[in-house]
Amino acid sequence: MARLCLPDGAVRGIDIQGAQTGTLTSYTAGRDGTVTVTNPQHERALREYGAFPANLGGRARGGFRCPDCGFGSYVKRCSRCGSDCTREH
């Protein structure tokens, strides 16, 4: 099983036709912009269209969290509200 991002933000879905049976499988991006693919041949076909693996890793080390609005960033000044952020551990 693979989670892939579609090649462009404007692409909301791709249809893949099976080589053996000819059935049509639709892959529509979810709210996070990724599709879950279980068929290895479909994964290969989506990658040929330009889909790429989603980076589903967690938070990187360090970073700051705004105490006022809760926005997370890597800089000390919040880009949403402009207040000073505190360092996360």
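In what follows, the structure referred to is the one given above.
The rules we used
Residues numbered from 1 in each chain as written. Predicted model: local features only at pLDDT ≥ 70, side-chain atom pairs only at ≥ 80, totals over all residues. Heavy atoms only, no water. Pairing = 2+ DSSP bridges. Helix = DSSP H or I, 4+ residues; strand = E, 2+ residues; numbered from the N terminus. Core = buried A, V, L, I, M, F, W, Y, C linked by side-chain atoms within 4.5 Å. Buried < 20%, exposed > 50% of the residue type's maximum accessible area, 1.4 Å probe, protein only. Contact = heavy atoms within 4.5 Å.

S.K.: I'd like to hear about the sheet that holds strand E6 (residues 64-65), residue by residue, with values.
M.R.: Pairing between the strands of a sheet comes from backbone hydrogen bonds, and it takes one of two forms, parallel or antiparallel. Read from one edge to the other, the open sheet built from three strands follows the order E7-E6-E8, with strand pairing classed as antiparallel. The open sheet terminates on both sides in strands that have one partner only, identified here as strand E7 (72-73) and strand E8 (86-87). Sheet topology note: the E6/E7 ladder contains two bridges and is antiparallel. Its bridge partner lying in E7, phenylalanine 64 is registered against serine 73.

S.K.: So what's going on with the nonpolar core? Which residues, and what values?
M.R.: Among the nonpolar cores identified, the biggest contains 11 residues, and these are Leu4, Leu6, Ile14, Ile16, Tyr27, Ala29, Val35, Val37, Ala45, Leu46 and Ala51. Elements that contribute at least two residues to this core include exactly strand E2 (13-17), strand E4 (34-37) and helix H1 (40-49). When residues no more than four places from it in sequence are discounted, the contact partners of valine 37 are Met1, Ala2, Leu4, Tyr27, His42, Glu43 and Leu46.

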